[in-house]
Amino acid sequence: DAMYLGIVAFANEDKKYNSQPLFVWKKRTDIIGKSGDVTIRKFRRSDLTALSNIYGNIENMRNIGDGKVKDKKDVEKLLKKYIDDEVHEDFGLKMYKEEYVFHAVTVKGDLVGVVGMYPGSRALRTEGKTLDRIVIDIKFRGKGYARKATGIFRNVYNYKQIHSLVKANNKQSIALSKEYE
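Now for a description of the structure that goes with this document.

Cut-offs and rules
Residues numbered from 1 in each chain as written. Predicted model: local features only at pLDDT ≥ 70, side-chain atom pairs only at ≥ 80, totals over all residues. Heavy atoms only, no water. Buried < 20%, exposed > 50% of the residue type's maximum accessible area, 1.4 Å probe, protein only. Helix = DSSP H or I, 4+ residues; strand = E, 2+ residues; numbered from the N terminus. Pairing = 2+ DSSP bridges. Salt bridge = Lys/Arg side-chain N within 4 Å of Asp/Glu carboxyl O.

## Thoughts on the pairing of strand S4 (residues 38-41)
Burial of S4 is two-sided: the residues Val-38 and Ile-40 facing one way and the residues Thr-39 and Arg-41 facing the other way are all buried. Judged from the four bridges that link them, strand S3 (residues 31-35) and S4 form a sheet pairing that is antiparallel. Note that in S4 the partner of Ile-31 across the bridge is Arg-41. Hairpin remark: S3 followed by S4, antiparallel, with two residues in the connecting loop; positive phi at Gly-36, about 60 degrees.

Take a look at the structure:
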């Protein structure tokens, strides 16, 4: 995956242009940001199994939306959306295809969760606000990964405030949300 930057043409001693232009490309990286052992990166198609395991576990989904688990077909659609809606850079500016931005949270190369934002209700959109979402697999909770991933996400996208919908019994998310009020 590379980004086209332009063409460079050369002139020889007679000030005639070389007929062989040089195309300039910049290799893209899928790393969005890092903090210690936590990395957030763009999603890959190869994330399907790990993401299905995360979204298919009731313990991971209990406090997300209506709390329903997602089957592999639903996760495949989400993954496609996450990949297709990725942020791309154009002349150093971050551009969004959609209002949804989600990234993989990894530790030592293993997918442990998801961090991102989505537009939320019409009322929030009219105020120019978005909601965050963070899901860390139950097997990896209690290690500070959610805090690090949220911090990376905020820094990369320069968010001063994060808006969350948090269920009353979700003490960890309430504590994390209060840090960013």
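## Section: the pattern of salt bridges
By the definition in use, this model includes five salt bridges. The salt bridge partner of Lys-148 is Asp-37, with a shortest N-O separation of 3.0 Å. Taken together, the residues Lys-148 in helix H5 (residues 145-157) and Asp-37 in the loop between S3 and S4 connect sequence positions 111 residues apart. According to the relative accessible area criterion, Asp-37 is partly exposed, its value standing at 32%. One salt bridge in this structure joins Lys-139 and Asp-137, with 3.8 Å as the shortest N-O distance. Note on Lys-139: relative accessible area 59%, which makes it exposed.

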